[in-house]
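# Results of the structural survey
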Amino acid sequence: MSEIPRDLTPTNPIPANPIPADLIVVPARFGSSRLPGKPLIEIAGRTLLSRVVAIAREGAARAGNVDVVVATDDQRIYDHAQALGCAAVMTDPDISSGSGRAWAVARDRAVAPPIVVNLQGDAPFVQPALIEALIAALRESSCSVATPVVQLPWPALDTLRQHKTVSPFSGTTCTRREDGRALWFSKTVIPAIRDEQGLREREPLSPVFRHIGLYAYRFDALRRFEATPPTLYERLEGLEQLRFLETGEPILTVAADAMPHTMSGIDTPADLAMAERLIAEYGEPQSSWI
């Protein structure tokens, strides 16, 4: 009797070429010179790190096929990330930048992530929809770096200027082309505005775009960035994204809506007080999507 052929097809076949997962890295250092231990500092009853991890997780869920990892140099932050149920990696304490920690995690992945998102661990008011939008923009664009900006209403510009009298290096502004490509970033409020009063009377929004410290890089762009020494204006301004512009790497800016909780990262005690004040005035920013 001839043998009956068996169906050798696996019941649950593994895809031959699974799509590599993108990656969100949350760099979180303990040794901030202006606000030591800030990832563990509480803002309105929740640690800064717990707020940012929640943002990262929601953004990853919305974008799809994205992993989240905290990159730190301190055992206390590592343990806190683990307690939050988030993957964490200990990185070299000599790494001084968020992009450097993001690269340290990305390069050691078993499969290189096509896109790496650097969500700074001191940015508690980033909306998950922004992470989703950045990843989507980079998946579809020819640019190799993407970052969000917000066009400031006049009252928000007034608030930014006032805040800079206390913390002059808190808050970054951006000029951009009509197609969204960045022209420049600065800790100074740019552009200068001639006949500002007349423009205020005509336009509801100022011409100033505030940069949100969130980046999405293609893996190779981040590799090139980390292989390049810091550039002149990067060092002067203290803005690592200028290294891309100074070396000819285009940055796509993605316009986001202004939110009531409008501020840059938590760098100083004044920033911490401002964050508490914004939550007290406008409510819990994560309540709309938790």
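What comes next concerns the included structure. (Residues numbered from 1 in each chain as written. Predicted model: local features only at pLDDT ≥ 70, side-chain atom pairs only at ≥ 80, totals over all residues. Heavy atoms only, no water.)

Before going further, it helps to spend a moment on the overall build of the protein. For the protein, the helix and strand inventory stands at 10 helices and 12 strands. Scaling as 2.2 N^0.38, a compact globule of 290 residues should have a C-alpha radius of gyration of about 19 Å, and the protein matches this with 21 Å. Principal-axis analysis of the C-alpha atoms places the extent of the protein at approximately 95 × 40 × 40 Å. Among the 290 residues that make up the protein, the fraction classed as buried is 51%. In the protein, 71% of the contacts between residues at least 6 apart in sequence involve partners at least 24 apart. Total accessible area on the protein stands at roughly 14,300 Å², and carbon and sulfur atoms take up 53% of it. The average position of the 29 basic charges and that of the 35 acidic charges among the side chains of the protein differ by 3 Å. (Helix = DSSP H or I, 4+ residues; strand = E, 2+ residues; numbered from the N terminus. Rg over C-alpha atoms; globule rule 2.2 N^0.38 Å. Buried < 20%, exposed > 50% of the residue type's maximum accessible area, 1.4 Å probe, protein only. Contact = heavy atoms within 4.5 Å. Areas by Shrake-Rupley, 256 points an atom, 1.4 Å probe, with all protein chains shown as cover. Lys, Arg positive; Asp, Glu negative; His and termini not counted. Charge placed at Lys NZ, Arg CZ, Asp CG, Glu CD.)

So, on to the pattern of salt bridges. Within the structure shown, the criterion is met by 17 salt bridges. The partner of Arg51 in a salt bridge is Glu284, with the nearest N and O atoms 2.8 Å apart. In this pair, Arg51 sits in helix α1 (residues 48–63) while Glu284 sits in the segment after α10 (269–282), placing the two residues 233 residues apart along the sequence. The buried category is assigned to Arg51, whose relative accessible area is 0%. A residue is classified by how much of its surface remains accessible, and Glu284, at 27% relative accessible area, is partly exposed. A salt bridge links Asp67 to Arg109; its shortest N-O distance comes to 2.5 Å. (Salt bridge = Lys/Arg side-chain N within 4 Å of Asp/Glu carboxyl O.)

A few words on the packing of aromatic side chains. Within this structure, the stated rule accounts for 5 aromatic pairs. Ring geometry for Trp103 against Phe219: centres 5.0 Å apart, planes inclined by 50°, an arrangement best described as tilted. Of this pair, Trp103 sits in helix α3 (residues 98–106) while Phe219 sits in helix α7 (residues 219–227); the two residues are 116 residues apart in sequence, bridging distant segments of the chain. Residues Trp184 and Tyr233 carry aromatic rings whose centres are separated by 5.6 Å and whose planes lie at 85° to one another, so their mutual orientation is edge-to-face. (Phe/Tyr/Trp six-rings, centres within 6.5 Å; stacked < 30°, edge-to-face > 60°.)

Below, the discussion takes up α10. For α10, spanning 14 residues, the distance from its first C-alpha to its last is 20 Å, which sits close to the expected 20 Å at 1.5 Å a residue. Those residues of α10 lying buried are Asp271, Leu272, Met274, Ala275, Leu278 and Ile279. In a view along the axis of α10, the buried residues occupy a sector of 160°, so they form one face of it. The exposed set on the far side of α10, more than 90 degrees from its buried face, consists of Pro269, Arg277, Ala280 and Glu281. Those residues of α10 hidden inside the fold are in contact with β2 (42–43), α1 and α5 (154–164). Gly283 sits one or two residues past α10 and shows a positive phi near 90°. (Expected span 1.5 Å × (residues − 1). Arc of directions from axis to C-beta.)

Right, let's get into the packing of α3 against α7. Helix-helix packing is characterised by the crossing angle of the two axes and by the distance between the axes. Running from amino to carboxyl end, α3 crosses α7 at an angle of 120°, the nearest separation of the two axes being 10 Å. In terms of orientation, α3 lies oblique with respect to α7. In the crossing of α3 with α7, the sense of the turn from one axis to the other is left-handed. Here α3 contributes Ser99, Gly100, Ala102, Trp103 and Ala106 to the contact with α7, which in turn contributes Phe219, Leu222, Arg223, Phe225 and Glu226. (Axes fitted to C-alpha atoms, helices over the stretch in contact; angles between N-to-C directions. Parallel < 35°, antiparallel > 145°, perpendicular 65-115°, else oblique. Left-handed = near helix turned anticlockwise from the far one by under 90°.)

A contiguous nonpolar surface patch, about 310 Å² in accessible area, is contributed by Leu232, Tyr233 and Leu236. Of note, Leu232 is situated in helix α8 (residues 232–237). You can call Leu232 partly exposed: its relative accessible area is 43%. (Patch = residues over 30% accessible without salt bridge, like charges linked within 9 Å, V, L, I, M, F, W, Y side chains within 5 Å.)

Before going further, it helps to spend a moment on the nonpolar core. Counting 55 residues, the largest nonpolar core has Ile24, Leu49, Val70, Leu119, Val126, Ile131 and Leu214 as the members making the most contacts within it. With 8 residues, the top contributor of residues to this core is α1. Excluding residues that lie within four positions of it along the chain, Val126 makes contacts with Ile55, Leu119, Ile131, Ile212 and Leu214. By size, the runner-up hydrophobic cluster in this structure holds 26 residues, among which are Val25, Val105, Phe244 and Leu245. (Core = buried A, V, L, I, M, F, W, Y, C linked by side-chain atoms within 4.5 Å.)

Let us now look at α5. The complete set of buried residues in α5 reads Trp154, Leu157, Leu160, His163 and Lys164. Buried positions along α5 lie against β7 (145–153), β8 (173–176), α6 (196–202), β10 (205–211) and α10.

As a further point, take unusual backbone geometry. Going from Ile190 to Pro191, the amide bond is cis rather than trans, its omega being 0°. Locating Pro191 in the fold gives a position in the loop between β9 (182–186) and α6. Located in the positive-phi region is Asn65, a residue other than glycine, with phi close to 60°. Mapping Asn65 onto the fold places it in the loop between α1 and β4 (66–72). For Asp195, which is not a glycine, the phi torsion comes out positive at approximately 55°. Inspection of the secondary structure assignment puts Asp195 in the loop between β9 and α6.

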